[in-house]
Amino acid sequence: ETGVTQTPRHLVMGMTNKKSLKCEQHLGHNAMYWYKQSAKKPLELMFVYSLEERVENNSVPSRFSPECPNSSHLFLHLHTLQPEDSALYLCASSQEYGLSYNSPLHFGNGTRLTVT
Amino acid sequence: GQQVMQIPQYQHVQEGEDFTTYCNSSTTLSNIQWYKQRPGGHPVFLIQLVKSGEVKKQKRLTFQFGEAKKNSSLHITATQTTDVGTYFCAGVTGNQFYFGTGTSLTVIP
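Procedures and definitions
Residues numbered from 1 in each chain as written. Chains lettered and ligands numbered in written order. Predicted model: local features only at pLDDT ≥ 70, side-chain atom pairs only at ≥ 80, totals over all residues. Heavy atoms only, no water. Phe/Tyr/Trp six-rings, centres within 6.5 Å; stacked < 30°, edge-to-face > 60°. Helix = DSSP H or I, 4+ residues; strand = E, 2+ residues; numbered from the N terminus. Buried < 20%, exposed > 50% of the residue type's maximum accessible area, 1.4 Å probe, protein only. Pairing = 2+ DSSP bridges. Axes fitted to C-alpha atoms, helices over the stretch in contact; angles between N-to-C directions. Core = buried A, V, L, I, M, F, W, Y, C linked by side-chain atoms within 4.5 Å. Contact = heavy atoms within 4.5 Å.

A. Representation of the packing of aromatic side chains. Evaluated as defined, the whole model comprises 11 aromatic pairs over all chains. Between A:Tyr35 and B:Phe99 the ring centres are 5.6 Å apart and the planes differ by 85 degrees, which places this aromatic pair in the edge-to-face class. In this pair, A:Tyr35 sits in strand 4 (residues 31-37) while B:Phe99 sits in strand 10 (residues 96-99), so the two residues belong to two different chains. The burial state of A:Tyr35 is the same as that of B:Phe99; both residues are buried. Arranged with centres 5.9 Å apart and planes meeting at 45 degrees, the rings of B:Phe19 and B:Tyr87 form a pair that is tilted. Residue B:Phe19 is found in strand 3 (residues 19-25), and its partner B:Tyr87 is found in strand 9 (residues 85-93); the two are separated by 68 residues along the sequence. An aromatic cluster is present here, built from A:Tyr33, A:Tyr35, A:Phe107, B:Tyr35, B:Phe45, B:Phe97 and B:Phe99 joined pairwise through their rings.

Below, the structure is given as structure tokens:
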């Protein structure tokens, strides 16, 4: 059972579509993350929010747009994606982000995205 | 730039055999974390190592952090089918997590 919930679990979208991924954490954590997981690659950090403020943006294309309306919710808005964007998108949370950056990550089940 | 290499990429073992995965960083880490991802699942935190030379055990799993804090290993004794999955290390330095590519473990009954 995970304290981090992601919806939808699966998403198929065309390159001209606009969709959003949703993440909700019930752990009272202050930091939330979006990761991309592709086959045979390390987990790629996309965005980090700490106390609803974006603190990292790792050179992610502008077709991915994050939103963090409060410390419990995180969205990833998608538009005009490419087939190479097909991957598992994982949301995670941790107690804190910052100098003592050693809080373990709690991951959601992920959204399996296929771009056609 | 910072890299965390993990080997092997895949490992097939007979049930009851031991298994080890190794993680090497190009730079010194402040700590290292290990995660397990079951097939179709999401990464789940297993343990964190902080001190140089630290060794921690969880039942059949033994985790080590190297003296130089640049490498780590996870050893499973007498594997079981429930150990199937991908094991990731995540080196932590500064504000960054650096995930290894993972080792996918298959246990043959």
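Now that the structure has been shown, the text picks up again.
B. The arrangement of the sheet that holds strand 7 (residues 61-65) of chain B in detail. Residues and elements named next belong to chain B. An order of 1-3-8-7-6 is seen for the 5 strands of this open sheet, with the pairing classed as antiparallel. The open sheet terminates on both sides in strands that have one partner only, identified here as strand 1 (4-7) and strand 6 (55-58). Pairs of neighbouring strands in the sheet enclose a mean axial angle of 15 degrees, with direction left out of account. Strand direction decides the pairing type here: strand 7 and strand 8 (residues 71-76), joined by 5 bridges, are antiparallel. Within strand 8, the position partnered with leucine 61 by the bridge is isoleucine 76.

C. Region of interest: the nonpolar core. Core analysis: the biggest nonpolar cluster contains 22 residues, and A:Trp34, A:Phe64, A:Leu76 and A:Leu78 have the highest contact counts within it. Here A:Phe64 is in contact with A:Met46, A:Phe47, A:Leu76, A:His77, A:Leu78, A:Leu81, A:Asp85 and A:Tyr89, once residues within four sequence places are set aside. Formed by 19 residues, the second largest nonpolar core is a distinct cluster that contains B:Val4, B:Cys23, B:Leu105 and B:Val107.

D. Up close: the pairing of strand 3 of chain B. Residues and elements named next belong to chain B. Burial along strand 3 is one-sided: the residues Phe19, Thr21, Cys23 and Ser25 are buried and none of Thr20, Tyr22 and Asn24 is. Where strand 1 and strand 3 come together, 4 bridges link them in antiparallel fashion. Paired with valine 4 across the strands is serine 25, a residue of strand 3. In terms of strand pairing, strand 3 meets strand 8 through 6 bridges, oriented antiparallel. Across the sheet, cysteine 23 pairs through a bridge with serine 72, a residue of strand 8.

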